[in-house]
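Understanding the architecture of this molecule
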Amino acid sequence: MTGPSSMTGPSSPSSPSSPSDPSTRAGTEAAGPGDAAGAAEATGATGATGAAGPAPLWLGTVGLSVVIPAHDDEHRIGPTLDAFRADLDARFGTGRGDWELVVVDDASGDATAALVEAAAADEPRIRLVRSEHHRGPGAALRAGVLASAGERVLLADAGLRTPPAELERLEHALAQADGTTATAALGRSQTRVVRALGIPGIPGFRTNTCGFALFDGDRARAAFGACVLDGPAVDAEVLRWVRRQGWHVVEVPVRRSAPRTPRPPRPRRAAGDRRRALVELLRLNAGGLAVAAVFLALAAYVFHGLWADLDGRYLKDALQDQNQWEWFVGVTTDNITHLRNPLFTTAQGMPDGVNLMANATMLGLTVPLIPVTLLFGETVTFALVLTLGMAASAWTWYWLIRRRFVQSRWAAAAGGALAAFAPPMVSHANGHPNFVVLFMLPLIIDRALRLCGGRNVARDGVLLGLFATYQIFLGEEPLLIAALGMLVFSVAYLLVDRRRALEAARPLGLGLAIAAAVCVPLLAVPLYWQFFGPQSYHSVLHGDNAGNSPRALVEYAARSLFGDAETAGRLSLNTTEQNAFYGWPLLAFGVAACVWMWRRTVVRALAITGAVALLLSLGPWVPVPRTDVVLPGPWRLVVKLPLFESVIEGRVAMVCAPVLGVLVALALDRIVRMRRRELRTLGLLGVAAALIPVLPLPLAVRERAPVPEFIASGAWKGYVKDGEALVPVPLPDPGQADALHWQVEADFGFRLAGGYFNGPWGPDRIGIYGATPRHLSNLLRDVRYGAQPPEITPQWRERARQDLEFWKAGAIVLPFQDRDTELRDMISELLGQEPKKVQDVWVWRVGAGRP
């Protein structure tokens, strides 16, 4: 049976913790080894031994302290003490400094204390710490640990559920820990509750409790001295505190047996303990839950205009991306519910179809959310993904920053908020969920950092492979950009700390190989379909201005508090691609923070990473502002590489969002611990001056164009047969894709000619946005947006006939709109037939069964 685990740390187990360790020093100063009176004062207990109850004698440092909390345990405390005395004498000898038993009586109402006092009168190595008030097992454990004098501290229970002989396993693990500190833990029933509430335990453990645990003495006193819970959830609190100190952990299996003298059943008490544990776990993680609530509120604030009227509003700056992504949600749902291939469809782009794996369909979310889509519709799923995804991304960045970089919860929260709500993220929130839902990236980074430690390479490699596989189904380009950022960080770390980087290289390389072995079989079919399947393509044409202008690095985005939409518009591809715009105060603060904390290795590596990311984001050619000079940019080094040729290079600047988030968190963590109030105030004002200008504004919305009644009523069914396509005028493309929303509202009952998606063009299969243009599609669009209709010649009629035949068109549908008279007359002349007015559209039946 699996039970306790052994925890190891960097200091010698037989020597006191280093005075330079503030967390350890705080714990040992609270109640020094052997100071039972100090422990009693700290916990509300009183020390006593023997019948008269004087303060216990100072025994000096001992090899092992066994701490046993007890409450109303007169029926079993005696056999437990006898068993431990016999085992400890046999193991360590009978010398006075070899071991001690510290029993903490938590205000028992029976003879528990008297039995311990009687045993102590016979054996001075047994000590009693008494509490005047019943406070719970957490308080009892804390009192006993703080009163202990051992170089090692073993936690046990009064029922002897784990035999004393199992101590040998923990001692063996301690010996194998290469001179580092160790602890052990045995699971209890509340483990599932701990995990369900998100209480982070020891990585890889199957338990979050310390029922039978071995600690280094000084570290045990530090851990319990830093904890505040009095009830049964103290185990989770201690283990979480231990983990945050970076102390290593090794799991040790032990044998667990039924108590020799079972406690009489007390159902009400057991239920009360469970309720108390639940309350304490909520209290323990109240700060984390509060942070999550703040992130969720901030995300709801950003998207509140959309949520106010999901049926009637559309993100104003989304261009056609909201239509496209809602279509992705709908087509995935339609494919899965009809047992069709989720990687391909002919719903638009007739007759060639769309390679869905080669588009940002985010199958990792659209598939699990199919029930939501079926119940509430595609727009609800779209809004839910954006809102919850942004909040979840902020929380995982917060989790990573607090776990790896800072102690202050709210410093980590500020860093996480900046990483997820930075101006580029808010810009992409207009219609690019794949660049907003990034909650897996911090988990991937954390797993890679664990691999660098080399403690459990196989497990971490497998998990990294699974995490990366899932991220592929959320967004490949964000993963590629994140991988580029992590590569730059690794090279930077090699430059600033060569020894540690080389030490990490071997386990990291092995772990990456294991991760690749996990990914390849899981992704073989989807990636083959993406790169070699129907409608696959390579590279994507983005134009020559996809890099960031140098000015874009220091200006503000359109939806930042200090932003100017006109300026941001001139310096970006469009409103969804404002990929930098951090503002000069935030960049200046980042530089100042790097200078201030330059001695820290991680700060130097982050500074190099951020600088390289900004330089790469300028693109292959960099125009010098206010001049005609154009310089070659560093992106030229990678622009022709596979995969990178499809990346919009300006997006590489998004790497700076988490970099700046970590720097802000590190700076805040240091600022709040400054002793001088004036310096703290000055530092906090500096952080505020950097962050306030880039605070996000709610995304702008507009009224959504209504779906024609011809579509909404189902009247289209009389004009478009199975296998035929509906041809809207103009055809849907990246400039106007409302017809995709028509199709969603019609439950994908018809297919569309044209469309808005990524697909191949020409013999080289270069990626473009939308279907391959044809003569008729270009003509309809030109006339719709102002061009004069040409003279209709036989050549035009033949081209129109060929295009309609290629699309397998069933009907041409012209909604009432601007220039609909010119369009109607031109189409009638092209087809040689007049349209039929049906509700709010003009319809030409052009299929095989036309009248």
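Residues numbered from 1 in each chain as written. Predicted model: local features only at pLDDT ≥ 70, side-chain atom pairs only at ≥ 80, totals over all residues. Heavy atoms only, no water.

Quick look at a negative patch on the surface
Judged by side-chain charge, Asp-309, Asp-311, Glu-703, Glu-745 and Asp-747 come together as a negatively charged surface patch. Its place among the elements puts Glu-745 in helix α29 (residues 738-745). With a relative accessible area of 46%, Glu-745 lands in the partly exposed category. (Patch = residues over 30% accessible without salt bridge, like charges linked within 9 Å, V, L, I, M, F, W, Y side chains within 5 Å. Areas by Shrake-Rupley, 256 points an atom, 1.4 Å probe, with all protein chains shown as cover. Salt bridge = Lys/Arg side-chain N within 4 Å of Asp/Glu carboxyl O. Lys, Arg positive; Asp, Glu negative; His and termini not counted. Charge placed at Lys NZ, Arg CZ, Asp CG, Glu CD. Helix = DSSP H or I, 4+ residues; strand = E, 2+ residues; numbered from the N terminus. Buried < 20%, exposed > 50% of the residue type's maximum accessible area, 1.4 Å probe, protein only.)

As for the pairing of strand β4 (residues 99-105)
In terms of burial, β4 is a largely internal element, seven of the seven residues being buried. Relative to strand β5 (residues 126-131), β4 runs parallel, the two being bridged by five bridges. Each residue of the ladder has a partner; that of Val-102, found in β5, is Arg-127. Taking the sense of rotation as the criterion, the β-α-β connection linking β4, helix α4 (residues 112-122) and β5 turns out right-handed. (Pairing = 2+ DSSP bridges. Right-handed = clockwise from strand over helix to strand, strands pointing away.)

A look at the pattern of salt bridges
Summed over all chains, the structure comprises 28 salt bridges. Notably, a salt bridge pairs Arg-76 with Asp-73, separated by 2.8 Å at the nearest N-O pair. The class of Arg-76 is buried, set by a relative accessible area of 11%. Notably, a salt bridge pairs Arg-499 with Glu-503, separated by 2.9 Å at the nearest N-O pair. Pair noted here: Arg-499 and Glu-503 are both in helix α22 (residues 498-532), with a separation of four residues, about one helical turn. What you see here is one network of salt bridges that share partners, running through Arg-85, Asp-89, Asp-122, Glu-123 and Arg-125.

Side note on the packing of aromatic side chains
In total, this model carries 14 aromatic pairs according to the counting rule given. Measuring from ring centre to ring centre gives 5.3 Å for Tyr-528 and Phe-532, while their planes differ by 35 degrees; the resulting arrangement is tilted. With Tyr-528 and Phe-532 both in helix α22 and four residues apart, the pair spans about one turn of that helix. With a centroid separation of 6.0 Å and 75 degrees between ring planes, the pair formed by Tyr-556 and Phe-562 is classed as edge-to-face. What makes Tyr-556 buried here is its relative accessible area of 12%. You can call Phe-562 partly exposed: its relative accessible area is 47%. (Phe/Tyr/Trp six-rings, centres within 6.5 Å; stacked < 30°, edge-to-face > 60°.)

Here we look at helix α31 (residues 794-807)
Taking 1.5 Å per residue, 14 residues should reach 20 Å; α31 reaches 20 Å between its end C-alpha atoms and fits that length. Those residues of α31 not exposed but buried are Trp-796, Ala-800, Asp-803, Leu-804 and Trp-807. Axial view of α31: buried residues confined to an arc of 95 degrees, hence all on one face. Facing away from the buried side of α31 by over 90 degrees, the exposed positions are Pro-794, Gln-795 and Glu-805. Contacts made by the buried residues of α31 are with β16 (725-728), α30 (775-784), β20 (809-815) and α32 (820-831). Directly after α31, the chain includes Lys-808, whose backbone phi takes a positive value near 55 degrees. (Expected span 1.5 Å × (residues − 1). Arc of directions from axis to C-beta. Contact = heavy atoms within 4.5 Å.)

Here's the deal with the confidence of the model for the protein chain
Chain-level statistics for the protein chain give a pLDDT mean of 85 and a share of 83% at 70 or above. Scored below 50 in pLDDT, residues 178-184 shows 39 contacts in the model against residues more than four places distant or in partner chains. Confidence drops under pLDDT 50 across residues 186-209; counting only partners more than four residues distant or on other chains, this segment forms 75 contacts. (pLDDT = per-residue confidence, 0-100.)

Points about the sheet that holds strand β21 (residues 836-838)
Taken in spatial order, the five strands make up an open sheet running β17-β16-β20-β22-β21, and their pairing is mixed. Each having just a single partner strand, β17 (751-752) and β21 make up the two edges of the open sheet. Relative to strand β22 (residues 841-845), β20 runs antiparallel, the two sharing five bridges. From the neighbouring strand, Ala-811 faces β22, where its bridge partner is Arg-845. Running at roughly 155 degrees to β20, α32 makes contact with β20 and β22 of the sheet. (Axes fitted to C-alpha atoms, helices over the stretch in contact; angles between N-to-C directions.)

Quick look at the environment of Leu-641
Structurally, Leu-641 can be placed in the loop between β14 (630-632) and α26 (656-671). Judged by its relative accessible area of 38%, Leu-641 falls in the partly exposed class. Counting along the chain gives 102 residues from Leu-641 to Ser-539, while the straight-line C-alpha distance between them is 9.8 Å.

Examining the pairing of strand β19 (residues 766-769)
Pairing analysis gives two bridges linking strand β12 (residues 538-540) to β19, with the strands arranged parallel. The partner of Val-540 across the bridge, within β19, is Gly-767. Between the antiparallel neighbours strand β18 (residues 758-761) and β19 lie four residues, among them Gly-762 with a positive phi of about 75 degrees.

Looking at unusual backbone geometry
Of note, the bond from Met-350 into Pro-351 is cis; its omega dihedral lies within 30 degrees of zero at 0 degrees. Turning to its location among the elements, Pro-351 is positioned in the loop between β10 (344-345) and β11 (354-355). A cis amide bond links Val-729 to the next residue, Pro-730, at an omega of -5 degrees. Mapped onto the elements, Pro-730 comes out in the loop between β16 and α29. A positive phi angle, near 55 degrees, is found at Ala-107, a position not held by glycine. Along the chain, Ala-107 falls in the loop between β4 and α4. The phi dihedral of Arg-819 is positive, around 60 degrees, even though this residue is not glycine.

Points about a nonpolar patch on the surface
Together, Tyr-528, Phe-531, Phe-532 and Leu-643 make up a nonpolar patch on the protein surface, roughly 460 Å² of accessible area in all. By secondary structure assignment, the location of Phe-531 is in helix α22. Judged by relative accessible area, Phe-531 falls into the partly exposed class, the value being 34%.

Section: the sheet that holds β19
The three strands are arranged β12-β19-β18 in an open sheet whose pairing can be described as mixed. A strand with exactly one partner marks an edge of an open sheet, and here the two such strands are β12 and β18. Strand after strand, the sheet turns through a mean of 45 degrees between neighbouring axes, direction not considered. By the bridge criterion, four bridges tie β18 to β19 in an arrangement that is antiparallel. Looking at the pairing, Trp-761 lines up with Ile-766 of β19.

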